[in-house]
Amino acid sequence: MNRLAPASALLCLFVLDPLQAATLETRSYTVEITPMCGERVTDCEQFAYAGTHNRNGSRINLLGKPGQRPCPSGNAPCDPLGWQFYDGNATSYFVGQDGWLIVTQGKKTVLRERGNWRN
């Protein structure tokens, strides 16, 4: 989870078309992350998560925000590590720019899968 995607991959995700969804495919899930912002991606603080279970087709839709790494002073804004979503029932969904999907319930990790981004 400490590896970051190359800068060129990050550009492909949101700079070319900030309103276009990026899709992560893991072994068990397909997740679409869609920025809910205007023209400037660096100002976007709200994202939509649409997750589909690949075997049974069940879906979950959530709203979340970018998970930022700490910035050295004077170097803000920093690139996000990914996106964090909560379902309101103590379940957290983290989608990393490096392709990790991590679901936790309380302090217990219930899913940790790495996938690939597609356009």
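Residues numbered from 1 in each chain as written. Predicted model: local features only at pLDDT ≥ 70, side-chain atom pairs only at ≥ 80, totals over all residues. Heavy atoms only, no water.

## Some words on the overall build of the protein chain
Where we set the bar: The numbering of helices and of strands both runs from the N terminus, where a helix is a DSSP run of H or I of at least 4 residues and a strand a run of E of at least 2. Throughout, exposure labels follow a simple rule: accessible area from a 1.4 Å probe, protein chains only, divided by the maximum for the residue type, with under 20% read as buried, over 50% as exposed, and the rest as partly exposed. Here a residue-residue contact requires only that any non-hydrogen atoms of the pair lie within 4.5 Å. All accessible-area figures derive from a Shrake-Rupley calculation using a 1.4 Å probe, and residue coverage is judged against the displayed protein chains alone.
The helix and strand inventory of the protein chain stands at one helix and nine strands. When each of the 119 residues of the protein chain is scored for burial, the buried share is 41%. Counting contacts in the protein chain only where the partners sit at least 6 residues apart, residues at least 24 apart contribute 31% of the total. Put simply, the protein chain shows about 7,400 Å² of open surface, and 51% of that area lies on carbon and sulfur atoms.

## Quick word on the side chain of T91
Tracing the backbone shows T91 in strand 6 (residues 91-96). For T91, a relative accessible area of 6% translates into the label buried. In this structure, T91 is in contact with F85, Y86, V103, T104 and Q105, ignoring residues within four places of it in sequence.

## Concerning unusual backbone geometry
Not every positive phi belongs to a glycine, and A90 is a case in point at roughly 70°. A relative accessible area of 58% means that A90 is categorised as exposed.

## Thoughts on the nonpolar core
Let me state the cut-off plainly: The nonpolar core is taken to be a set of buried Ala, Val, Leu, Ile, Met, Phe, Trp, Tyr and Cys residues, with the residues joined through side-chain atoms within 4.5 Å.
Counting residues in hydrophobic clusters, the biggest one holds 15 residues, and the most contacted among them are I33, Y49, F85, V95 and L101. Taken together, the elements giving at least two residues each to this core come down to strand 2 (29-35), strand 3 (47-53), strand 5 (80-86), strand 6 and strand 7 (100-105). Setting aside its immediate chain neighbours within four residues, F85 contacts I33, F47, A48, Y49, L62, L63, G64, T91, S92, Y93 and V95.

## Observations regarding the confidence of the model for the protein chain
Let me state the cut-off plainly: For every residue, the predictor assigns a confidence score, pLDDT, that lies between 0 and 100.
Averaged over the protein chain, the pLDDT score is 79; the fraction of residues at 70 or greater is 67%. The model gives residues 1-18 a pLDDT under 50, and that stretch makes 31 contacts with residues more than four places away or in other chains.

## Section: the packing of aromatic side chains
For clarity, the cut-off: In this scheme Phe, Tyr and Trp rings, the latter by its six-membered ring, pair at centre separations within 6.5 Å, and the angle between planes marks the pair as stacked below 30 degrees, edge-to-face above 60, and tilted otherwise.
Under the definition given, this model contains four aromatic pairs. Centre to centre, the rings of Y49 and F85 are 5.1 Å apart; their planes meet at 55°, and the pair counts as tilted. Within this pair, whereas Y49 is found in strand 3, its partner F85 is found in strand 5, the two being separated by 36 residues in sequence. By the burial criterion, Y49 is buried, and F85 matches it. Connected via pairs of aromatic rings, a cluster forms that spans F47, W83 and W117.

## Considering the side chain of S92
What counts here: Residues adjacent in sequence count toward polar contacts only when both atoms are side-chain atoms; beyond that, a polar contact is any pair of N or O atoms within 3.5 Å, and within protein one must be able to donate a hydrogen and the other to accept it.
Counting through the fold element by element, S92 comes out in strand 6. Among the polar contacts made by the side chain of S92, one reaches the side chain of Q84 at a distance of 2.3 Å. Ignoring sequence-local partners within four residues, the contact set of S92 consists of Q84, F85, Y86, I102, V103 and T104.

## Describing the pattern of salt bridges
To be explicit about the condition: We define a salt bridge as a side-chain nitrogen of Lys or Arg found within 4 Å of a carboxyl oxygen belonging to Asp or Glu.
For the structure on display, the rule yields two salt bridges. Here R118 ties to E25 by a salt bridge, and the two come within 2.5 Å at their closest N and O atoms. Of the two residues, R118 is situated in strand 9 (residues 116-118) and E25 in strand 1 (residues 22-25); the sequence distance between them amounts to 93 residues. Residue R118 is classed as partly exposed on the basis of its relative accessible area, which comes to 39%. Residue E113 is joined to R27 by a salt bridge in which the shortest nitrogen-to-oxygen separation is 3.4 Å. Taken together, the residues span a long stretch of sequence, with E113 in strand 8 (residues 108-114) and R27 in the loop between strand 1 and strand 2 at a distance of 86 residues. When its relative accessible area of 6% is taken as the criterion, E113 is described as buried.

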